[in-house]
Amino acid sequence: MELCDLTIHELRGLYARKEVFPSEVLASVTRRIHKVEKDYGAYLTLDLEGAAEQAQAADARIKAGKALGVLEGIPVAIKDNLCQAGKEATCASRILQGFVPPYTATVVRKILAQGAVILGRANMDEFAMGSSTEYSAVKESKNPWDPQRTPGGSSGGSAVAVAAGEAIAALGSDTGGSIRQPAAFSGVTGLKPTYGLVSRYGLVALASSLDQIGPLTKDAEDSALLLNILSGFDPMDSTSVRVKELDYTRDLQQDLSGKKIGLPLEYFGAGIDAEVKRTVMKAVDLLKELGVEVVEISLKFTEYALPAYCIISSAEAGSNLARYDGIRFGKAAARIEDNLAAFYTRTRSEGFGPEVKRRIMLGTYVLSAGSYEAYYKKAQQVRTLIIKEFNEVFQQVDAIITPTTPTTAFKFGEKSQDPLRMYWSEVCTAPVNMAGLPAISIPCGFSCGLPVGMQIIGDHFMETVILNIAYQYQRVTDYHKARPEPVRKEGTA
Ligand code: GLN
């Protein structure tokens, strides 16, 4: 175990006792990056010089005995759809090449204010559309547990960086599962907060009513620490909610006896790999030993959640992506000259990849006068039913447990030609976004050497409950401590 394999809370302890300094941690992370990044491709861009300066400043504050930020000297990666003033943000799309935002996302501002050392920008599926990083216009990121396989997506680069020790923690975004699914595939902990808890200001929008930013970390305690920083009302985001500020580490130590967990039959049915099911059920048995009461529940609208998600997310994506016209943002493929329509067409045809185009077409279609009622409106009605159903269930239980994904990490090329099979990766996660609920994915075992993720869903703003369950589970298990071998080239770099 090297310094780059430690957690935020472990490093904070070492810093507080002045046993280790941020520059040494950064040096360890940098060595790991040099060793594995060529093979794994977690990052689109790295700024190791900038990181070194930040780390030295943190060294100095620690040595001087100054008050330390929560992330003082902690190297983190951020997904390429989070804006930072002066740093190119491309969303792994050709159309945004060269786009340098003039402003900084609230979450980035907040982690910087707490002393975080930003290493670079993590790879993702183009505009966060996808489940494997195969739709990145730049490159694929590889799963460190088996580089023949995808790390999941769209926050695949963030997940790889954390799993491989190329960052201590990372930020991602989750519209239908893009934090939790790559966390499950890559064996890390990923939290999607309640809609509205974390400001989306400065996040390049995919589907505004579903998007949330959240942490990818090595354990639940680190998730809680990061959520403390990320959460909070922001006047710059009109959907940001004014809730009482909480310390999300508050309930971690609480004992689980008396907690009631619901197991929805629909999430353990057809299409879910038998080994994944077995592994999650074993984790549930362990929770029972910790005092949790488990009841079977039914969420019967589940089968409609994914189709409705596809309609709503594509409709919103199509509208959000209308702004990329080659004039206001990023790259123009032609000169405007005298034909504006041709200019737009050429810029967008060359700038967007196939998946993005597919969604713009679908989104435009479902919003068109002739099909709005049949598709978009229906999908919104389904969404309401899903919300109601979850609300009812949360009258009876404290949390819901499901597999995070129907299978473990799949191979490159296995689904990229078949969008419907790719969308199926989010069957267990997208309903959660439709209802705006918080959920965390934690490692709960392995199947054929690949990590399996367990999803714990909570009621709105009940992050403390799911973090408590995740923490208690991790207290008695070691799956979150398992690290992939730092590839073939160990010792030669
Ligand atoms: N894979 C899902 C999609 O492509 C989820 C995307 C996301 O959460 N950003 O829509």
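Basis of the calculations
- Residues numbered from 1 in each chain as written.
- Predicted model: local features only at pLDDT ≥ 70, side-chain atom pairs only at ≥ 80, totals over all residues.
- Heavy atoms only, no water.
- Helix = DSSP H or I, 4+ residues; strand = E, 2+ residues; numbered from the N terminus.
- Rg over C-alpha atoms; globule rule 2.2 N^0.38 Å.
- Buried < 20%, exposed > 50% of the residue type's maximum accessible area, 1.4 Å probe, protein only.
- Areas by Shrake-Rupley, 256 points an atom, 1.4 Å probe, with all protein chains shown as cover.
- Lys, Arg positive; Asp, Glu negative; His and termini not counted.
- Charge placed at Lys NZ, Arg CZ, Asp CG, Glu CD.
- Pairing = 2+ DSSP bridges.
- Axes fitted to C-alpha atoms, helices over the stretch in contact; angles between N-to-C directions.
- Right-handed = clockwise from strand over helix to strand, strands pointing away.
- Near = heavy atom within 4 Å.
- Polar contact = N/O pair within 3.5 Å; in protein donor to acceptor, adjacent residues only side chain to side chain.
- Nonpolar A, V, L, I, M, F, W, Y, C, P; charged D, E, K, R; others polar.
- Parallel < 35°, antiparallel > 145°, perpendicular 65-115°, else oblique.
- Contact = heavy atoms within 4.5 Å.
- Salt bridge = Lys/Arg side-chain N within 4 Å of Asp/Glu carboxyl O.
- Core = buried A, V, L, I, M, F, W, Y, C linked by side-chain atoms within 4.5 Å.
- Phe/Tyr/Trp six-rings, centres within 6.5 Å; stacked < 30°, edge-to-face > 60°.
- Lys NZ or Arg CZ within 6 Å of the ring centre and 35° of its normal.

Participant: How should the overall build of the chain be read in this particular structure?
Facilitator: If you tally the helices and strands in the chain, you get 15 helices and 11 strands. For the chain, whose C-alpha radius of gyration is 21 Å, the value lies close to the compact-globule estimate of 23 Å for 493 residues. Here the C-alpha coordinates of the chain stretch approximately 65 × 55 × 45 Å along the principal axes. Burial analysis of the chain (493 residues in total) assigns 60% to the buried set. As presented, the chain carries roughly 18,500 Å² of accessible surface, and 53% of it is formed by carbon and sulfur atoms. Within the chain, one finds 54 positive and 57 negative side-chain charges whose respective centroids are separated by 2 Å.

Participant: Hey, could you run me through the sheet that holds strand β9 (residues 399-403) in this one?
Facilitator: Think of a sheet as strands paired side by side through backbone hydrogen bonds, with each pair either parallel or antiparallel. Strand order in the open sheet formed by 11 strands is β1-β3-β2-β4-β6-β5-β10-β11-β9-β7-β8, with mixed pairing between adjacent strands. Every interior strand has two partners, whereas the edge strands, β1 (43-46) and β8 (293-297), have only one. This sheet shows a mean twist of 30 degrees between the axes of neighbouring strands, independent of strand direction. Here 3 bridges tie strand β5 (residues 189-192) to strand β10 (residues 439-447), and the two strands are oriented antiparallel to one another. Along β10, the bridge assignment pairs leucine 191 with isoleucine 440.

Participant: What is the right way to read the pairing of strand β3 (residues 117-122) from this model?
Facilitator: A regular strand carries its side chains on alternate faces of the sheet. Of all 6 residues in β3, 6 are buried; the element is thus mostly enclosed. Two strands pair when backbone bridges link them, and β1 and β3 are joined in this way by 3 bridges, in the antiparallel orientation. Bridging from a neighbouring strand, leucine 46 pairs with glycine 120 of β3. Here strand β2 (residues 75-79) pairs with β3 via 5 bridges, running parallel. If you follow alanine 77 over to β3, its bridge partner there is glycine 120. Regarding topology, helix α4 (residues 106-113) serves as the crossover connection from β2 to the parallel β3, and that connection is right-handed.

Participant: Hey, could you run me through the site of the ligand in this one?
Facilitator: What surrounds the ligand is a group of 14 residues, the closest being Thr175, Gly176, Ser178, Tyr309 and Arg359. Alanine 128 has a polar backbone atom sitting 2.9 Å from a nitrogen atom of the ligand. Within the side chain of glutamate 426, a nitrogen or oxygen atom sits 2.8 Å from a nitrogen atom of the ligand. Contact with the protein chains covers 99% of the free accessible surface of the ligand, which is 290 Å². Classifying every residue of the shell around the ligand by side-chain character gives 4 nonpolar, 7 polar and 3 charged.

Participant: When you look at the packing of helix α9 (residues 302-320) against helix α11 (residues 354-367) in this model, what are you seeing that I'm missing?
Facilitator: The description of two packed helices rests on the angle between their axes and on the distance between the axes. Across the interface, α9 lies against α11 with an axial gap of 7 Å and an inter-helix angle of 100 degrees. In terms of orientation, α9 and α11 fall into the roughly perpendicular class. Taken together, the residues of α11 that come into contact with α9 (itself represented by Cys310, Ile311, Ser314, Ala315, Gly318 and Ser319) are Arg359, Ile360, Leu362, Gly363, Val366 and Leu367. Grouping the constituent residues of the contact of α9 with α11 by class yields 7 nonpolar, 4 polar and 1 charged.

Participant: Help me understand the pattern of salt bridges in this model?
Facilitator: Pairs can form between side chains of opposite charge once their charged atoms are near each other. Throughout the structure, instances matching the rule amount to 21 salt bridges. The partner of glutamate 355 in a salt bridge is arginine 358, and the shortest N-O contact between them spans 2.4 Å. Residue glutamate 355 and its partner arginine 358 are both found in helix α11; the two are separated by 3 residues, about one turn of the helix. Classification of glutamate 355 as buried rests on a relative accessible area of 2%. In this structure, arginine 359 and glutamate 355 form a salt bridge, with 2.7 Å as the shortest nitrogen-oxygen distance. Of the two residues, arginine 359 and glutamate 355 are both situated in helix α11; the distance of 4 residues between them amounts to about one turn of the helix. Here arginine 359 and glutamate 355 have matching classes, each one buried.

Participant: In this structure, what is going on with the nonpolar core? I would like to understand it.
Facilitator: Nonpolar side chains tend toward joint burial in soluble globular proteins. Ranked by size, the top nonpolar core spans 141 residues in total, and within it Ile111, Phe127, Met454 and Ile456 carry the most contacts. When residues in this core are grouped by element, the largest group, 9 residues, is from α9. Residues within four places of isoleucine 456 in sequence aside, it is in contact with Ala399, Ile400, Ile401, Pro438, Ala439, Ile440, Ile442, Ile466, Ile469 and Ala470. With 5 residues, the next largest nonpolar core counts Tyr135, Phe185, Ala409 and Met422 among its residues.

Participant: Sorry if this is basic, but what is going on with the packing of aromatic side chains here?
Facilitator: Aromatic rings in a pair are described by how distant their centres are and how their planes are angled relative to each other. This model, assessed by the stated rule, comprises 12 aromatic pairs. Summarising the aromatic geometry, the rings of phenylalanine 185 and phenylalanine 410 are spaced 5.5 Å apart at their centres and angled 85 degrees between planes, so their arrangement reads as edge-to-face. Placement of the pair is phenylalanine 185 in helix α6 (residues 180-186) and phenylalanine 410 in the loop between β9 and α13 (419-423), with a sequence separation of 225 residues. Each member of the pair, phenylalanine 185 as well as phenylalanine 410, is classed as buried. Taken together, the ring pairs connect Phe99, Phe127, Tyr324, Phe329 and Phe352 into an aromatic cluster. Looking at lysine 63, its charged tip hangs above the ring of phenylalanine 21, at a distance of 4.7 Å from the centre.

Participant: Sorry, what's going on with helix α5 (residues 156-163) here?
Facilitator: Quick reminder: α-helices carry 3.6 residues per turn. Residues three or four places apart thus point the same way. Across the 8 residues that make up α5, a large majority, 8, are buried. Among all positions of α5, only Gly156, Gly157, Ser158, Ala159, Val160, Ala161, Val162 and Ala163 are buried. Once α5 finishes, glycine 165 follows within two positions and takes phi at roughly 75 degrees, a positive value.

Participant: Hey, could you run me through the packing of helix α1 (residues 8-16) against helix α7 (residues 220-230) in this one?
Facilitator: Where α1 contacts α7, the axes come no closer than 8 Å and their chain directions differ by 75 degrees. Classified by the angle their axes make, α1 and α7 are roughly perpendicular. Touching Ile8, His9 and Arg12 of α1 are Glu221, Asp222, Leu225 and Leu226, all from α7. Each residue belonging to the contact of α1 with α7 can be placed in one class, and the counts come to 3 nonpolar, 1 polar and 3 charged.

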